[in-house]
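Okay, here's what each chain looks like letter by letter:
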Amino acid sequence: MVRLIRAELRKLLGLPTAWVGLVLGTLMAPVVVLLNAPYTRRAIAAGTLTDTPDLGLRDLGIGLIGPVILGVIVVSSEYTSTGEDAPGARQLTATLTAAPDRLRLLAAKTTALVLVVAAQAAITAAATLTLTKVLYAEHAPAPAPTRVVAAILYWVLTALLAYAIALITRNGIVPLTLLILNSTVVSVSYLLTKVTDLAAYLPDIAGAHMFIRSADFPVEIAPVTAGLVMTAWVVALLAVGAVLFHRRDA
Amino acid sequence: MITIDRVSKTKGRTQILYDVTFEARPGQVTGFLGPNGAGKTSTLRILLGLDRPQRGTALVCGRPYRELDRPLTTVGALLDGSGAHRARTARAHLRWVAASNGLPDSRVDEVLEVVGLTGDALKRAGRFSLGMSRRLGLATALLGDPEVLVLDEPVNGLDPAGIRWMREFLRDSAEQGRTVLLSSHLMGELAEIADDVIVIDKGRIVIQGRLADVIGDHRTLEDAFFALTATEAGGAW
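Since the model is a prediction, treat every value here as computed from it, not as a measurement. (Residues numbered from 1 in each chain as written. Chains lettered and ligands numbered in written order. Predicted model: local features only at pLDDT ≥ 70, side-chain atom pairs only at ≥ 80, totals over all residues.)

Caption draft 1: Up close: the overall build of chain B. Along chain B, the regular secondary structure elements total eight helices and ten strands. The C-alpha radius of gyration computed for chain B amounts to 18 Å, which stays within 12% of the reference 18 Å derived for 237 residues, consistent with globular compactness. In terms of its C-alpha atoms, chain B occupies a principal-axis envelope of roughly 50 × 35 × 35 Å. (Helix = DSSP H or I, 4+ residues; strand = E, 2+ residues; numbered from the N terminus. Rg over C-alpha atoms; globule rule 2.2 N^0.38 Å.)

Written as structure tokens, this is what we have:
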């Protein structure tokens, strides 16, 4: 098992796209904090910014593009054609001949992804919170450690969500479009919460309750419940993905 | 030793393999011959645990491929393409494959040397020519120094020097006691290197045996093949 995890780490970190996800995901949040600094300072001075305890943690969300990219390419890189000469040939053939026990392989892939994203999230959270501290000093009280851990967990679960969807769709386009649009341009899940309160239990909305307090969510969900809701989504989608991966011809 | 026993496979509504049964023995080059679409690749994919048959068993050294713990130390496989993601260098590809089976990184340089890709080790697989891709695929197959080699159309895309090299390589492998199973639609090519021949057509094995016995009274393996499969010479092939 350790062998397979090592191989999956080498595979993931050997992909240029993975580094796009790592760099983008790690830098976006701190950069946004910097760009927003003049505006936020004025808002604090004017007393219009009321949710200062969430400063920093809130800005982490923009970096989620990183874990989404990482989660998707762990799977999609297996299915992309390896060249024009052999359009049907994919890395998956090499992967499965090297590791034919599919569930063990998936366990190794999942572990490698979790390790990489957790490290990325920890670094990003540390950078963003330190920056917030430097910029706003006493206006930005350090969040409780449990909330920081919850934010890291949110990143890991988001990566696993992208990974599970890619496992089901067997390509990167669907989950990338869905999750990147949803986390950056227009949050469809957020709009849905305006239509029905049930949408509050969609994985990305519920998950955010784990570490953000003062948001205008229609339904209040306790942090632990929120974590459980998002975990349930991820586990359910992963189970479907794993069953399909186990059954399908490669 | 490879044992394929009554393997049948249906894809969608079409049955593509009917009770395929044969053996490939150690120390022999076994040629798996048939036209494109006859079921060669499907059989090899089932043997390697990539696809599942509806019925029958495919064993390598007495065990299903999926149950092998470090499969690359038992079986080396070369299928379509190199298996390397196009953004990866040859070296990076071989390094993760080596890690997955607990093989030392030093094996990577050794197999690159064997297939003559040492100078291209840091080139991305997406920039490889067809011939180089085949060599990289073969390097991957050799990483674990396996006792069984399974190769699907190994000479496809190779230049004459590459074909000659591959032929000698496979002969040497068999002489060292390895089991070598290779598929091909090139009858002349197979007649050059195979000890045993298995002929498949439309998903069914039509004949198998020693090369000389399969050729029988016919002039060449090609004549024997067309006589056995009753395919018009010059027809769709």
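Caption draft 2: How the structure looks around the pairing of strand β9 (residues 196-201) of chain B. All names here are of chain B. Of all six residues that make up β9, five are buried, and the element is covered over most of its length. As paired elements, β9 and strand β10 (residues 204-210) share six bridges and run antiparallel to each other. Across the sheet, I200 pairs through a bridge with I205, a residue of β10. Hairpin geometry of β9 and β10 is characterised by an intervening segment of two residues between the two adjacent antiparallel strands and by a positive phi of about 50° at K202. (Buried ≥ 20, exposed ≤ 12 C-beta atoms within 10 Å, placed from the backbone. Pairing = 2+ DSSP bridges.)

Caption draft 3: Representation of the sheet that holds strand β3 (residues 29-33) of chain B in the model. Residue and element names in this part refer to chain B. Read across the sheet, six strands follow the order β6-β7-β8-β3-β9-β10 without closing on themselves; strand pairing throughout is mixed. Edge positions in the open sheet fall to β6 (75-78) and β10, since each of these has one partner strand only. Strand-to-strand twist of the sheet, defined as the mean angle between neighbouring strand axes without regard to direction, takes the value 15°. Bridge count for β6 against strand β7 (residues 148-152) is four bridges, and the pairing is parallel. Following the sheet pairing, G76 is matched in β7 by L149. (Axes fitted to C-alpha atoms, helices over the stretch in contact; angles between N-to-C directions.)

Caption draft 4: Quick look at the interface of chain A and chain B. Contacts between the two partners involve 27 residues from chain A, matched on the other side by 35 residues from chain B. The set of elements that each furnish at least two residues to the side of chain A that touches chain B consists of α1 (2-13) and α4 (91-98) of chain A. Residue classes in the side of chain A that touches chain B are distributed as twelve nonpolar, eight polar and seven charged. (Contact = placed C-beta atoms within 7 Å. Nonpolar A, V, L, I, M, F, W, Y, C, P; charged D, E, K, R; others polar.)

Caption draft 5: Here's a closer look at the pairing of strand β2 (residues 14-24) of chain B. All names here are of chain B. Sheet topology places strand β1 (residues 2-11) next to β2; seven bridges connect them, and they run antiparallel. Its bridge partner being in β2, V7 is matched across the sheet by V20. Taken together, β1 and the strand that follows it, β2, pair antiparallel across an intervening segment of two residues, in which G12 is found at a positive phi of about 65°.

Caption draft 6: Region of the structure containing the packing of helix α3 (residues 65-79) of chain A against helix α5 (residues 102-136) of chain A. Residues and elements named next belong to chain A. Between α3 and α5, the least distance of the axes is 10 Å, while the angle of their chain directions is 165°. Of the possible angle classes, the one that applies to α3 and α5 is roughly antiparallel. Note that α3 runs across α5; the crossing there is right-handed. Counted together, G66, P67, L70, G71 and V74 of α3 and K109, L113, V116, V117 and Q120 of α5 form the full contact between these two elements. Here the contact of α3 with α5 is composed, by residue class, of six nonpolar, three polar and one charged. (Parallel < 35°, antiparallel > 145°, perpendicular 65-115°, else oblique. Left-handed = near helix turned anticlockwise from the far one by under 90°.)

Caption draft 7: Expanded view of the confidence of the model for chain B. Here chain B averages 91 in pLDDT, and 97% of its residues register 70 or above. Taken together, the chains of this predicted complex give a pTM of 0.90 and an interface ipTM of 0.90. (pLDDT = per-residue confidence, 0-100.)

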